[in-house]
Amino acid sequence: MSTEENKAIVRRFFEEGPSKGNLKIANELLSPDFSLHVPLPASPGIEGINEVITACRAAFEHLNVTIEDMTAEGNKVAARFTARGVHKGNFMGLPATGKPITMTGIEIFRIEDGKIAELWGEANLLGLMQQLGIIPVPGSQS
């Protein structure tokens, strides 16, 4: 597949999965032996990505994930994203605060035979915890 076709797969994943909560898209876009590497608790495989999407959408009302930059080489696609929503449910054991959030992150996807075979994700969870008031922002008054 071309790098443009690989990027289209990743773009569709972001639009349908995290932004719309369409869990059926995982069966269409992810390889049956999909492997997930993210800093959130999740089961292995497709079940794990569906757990992450479900948990994030339950915790953050109006969750929308925007791709800011995307680059591809060979069978890998890297995407820098911004997630926005309102903290209306539990997230990683933290009760809802009602605060709006903007979180950035980067994910790298490996595409194999037209499917996402592997995803490595890093998100600015420290910045998120600061926005939610869990961790103080350096230099701010307590």
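Structure report, in brief. For every chain, the first residue of the written sequence is number 1, and numbering continues from 1 along that sequence. It should be noted that, the model being predicted, local features are given only for residues of pLDDT at least 70 and side-chain atom pairs only at 80 or more, the latter also being counted only at that level, while totals for whole chains, interfaces and linings use all residues. Processing note: side-chain calculations cover all non-hydrogen atoms of the structure and skip hydrogens and water entirely.

With that settled, the discussion passes to the overall build of the protein. Counting its secondary structure elements, the protein contains 4 helices and 5 strands. Ordered by position from the N terminus, the helices and strands of the protein form the series α-α-β-α-β-β-β-β-α. To get the radius of gyration, use the C-alpha atoms; to get the globule rule, take the number of residues to the power 0.38 and multiply by 2.2 Å. On C-alpha atoms alone, the protein measures out to a radius of gyration of 15 Å, which is about the 14 Å that the 2.2 N^0.38 rule sets for 142 residues. Contacts were defined at the residue level, with two residues in contact if any of their heavy atoms lie within 4.5 Å. Excluding contacts between residues fewer than 6 apart, the proportion of contacts in the protein whose partners are at least 24 apart in sequence is 53%. Just so you have it, the protein exposes about 7700 Å², and 53% of that area is on carbon and sulfur atoms. Under the scheme used here, helices are H or I runs from DSSP no shorter than 4 residues and strands are E runs no shorter than 2 residues, and both carry numbers assigned from the N terminus. We get accessible surface area from the Shrake-Rupley algorithm with a probe of 1.4 Å; when it comes to residues, only the shown protein chains can shield them.

Now for helix H1 (residues 3-16). Taking 1.5 Å as the rise per residue, H1 with 14 residues should run 20 Å; its terminal C-alpha atoms sit 20 Å apart, in good agreement. Buried means the residue's accessible area, taken with a 1.4 Å probe over protein chains only, is under 20% of the maximum for its type, while exposed means over 50%, and partly exposed covers the values in between. Within the span of H1, buried status applies to Asn6, Lys7, Ile9, Val10, Phe13, Phe14 and Glu16. Expected helix span is computed as 1.5 Å times (number of residues minus one).

Next up on the list: the packing of aromatic side chains. Ring pairs shown here join Phe, Tyr and Trp side chains whose ring centres sit within 6.5 Å, with only the six-membered ring taken for Trp; geometry is labelled stacked below 30 degrees between planes, edge-to-face above 60, and tilted in between. By the definition in use, this model includes 5 aromatic pairs. Seen in terms of ring centroids, Phe13 and Phe14 are 6.0 Å apart; in terms of plane orientation they differ by 70 degrees. Their pairing is edge-to-face. In terms of burial, Phe13 and Phe14 fall into one category: buried. On the numbers, 5.7 Å between centres and 75 degrees between planes, the contact of Phe14 with Phe109 is edge-to-face. With a gap of 95 residues between them, Phe14 in helix H1 and Phe109 in strand E4 (residues 100-112) connect regions that are remote in the sequence. Given a relative accessible area of 0%, Phe109 falls into the buried group. Here the aromatic cluster, defined as three or more aromatic residues joined through ring pairs, consists of Phe13, Phe14, Phe81 and Phe109.

Moving on to the sheet that holds strand E5 (residues 115-123). By definition, the strands of a sheet pair up through backbone hydrogen bonds, in either a parallel or an antiparallel sense. Two strands qualify as a pair provided DSSP detects at least 2 bridges between them. Reading across from one edge, E1-E5-E4-E3-E2 is the order of the 5 strands in this open sheet, with mixed pairing throughout. Of all the strands in the sheet, just strand E1 (30-37) and strand E2 (60-73) have a single pairing partner and so form its edges. Ignoring which end each strand starts from, the neighbouring axes of this sheet average 25 degrees apart. Here strand E3 (residues 76-87) runs beside E4; their pairing, made up of 11 bridges, is antiparallel. Each bridged residue has a counterpart across the sheet, and for Ala79 the counterpart in E4 is Glu107. Contacts from helix H3 (residues 45-59) reach E1, E2, E3 and E5, with the element oriented near 60 degrees to E1. Whenever a helix is involved, its axis is fitted only over the stretch in contact; in every case the axis is a line through C-alpha atoms, and angles between N-to-C directions fall within 0 to 180 degrees.

Relative to the 21 Å expected for 15 residues at 1.5 Å per residue, H3 spans 22 Å between its end C-alpha atoms, a close match to the ideal helical length. Those residues of H3 that fall on the buried side of the exposure criterion are Gly45, Ile46, Gly48, Ile49, Asn50, Val52, Ile53, Cys56 and Ala59. Buried positions along H3 lie against H1, helix H2 (24-29), E1, E2, E3 and E5.

Attention now goes to the side chain of His87. Of note, His87 is situated in strand E3. The term polar contact refers here to a pair of N or O atoms within 3.5 Å; inside protein, the definition further demands a hydrogen-donor-capable atom paired with an acceptor-capable atom, and it admits residues adjacent in sequence only when both atoms are side-chain atoms. For His87, the side chain forms a polar contact with the main-chain oxygen of Gly89, separated by 2.9 Å. Sequence-distant contacts of His87, that is, excluding residues within four places in its chain, are made with Ala59, Phe60, Leu94, Pro95, Ala96, Thr97, Gly98, Lys99 and Leu132.

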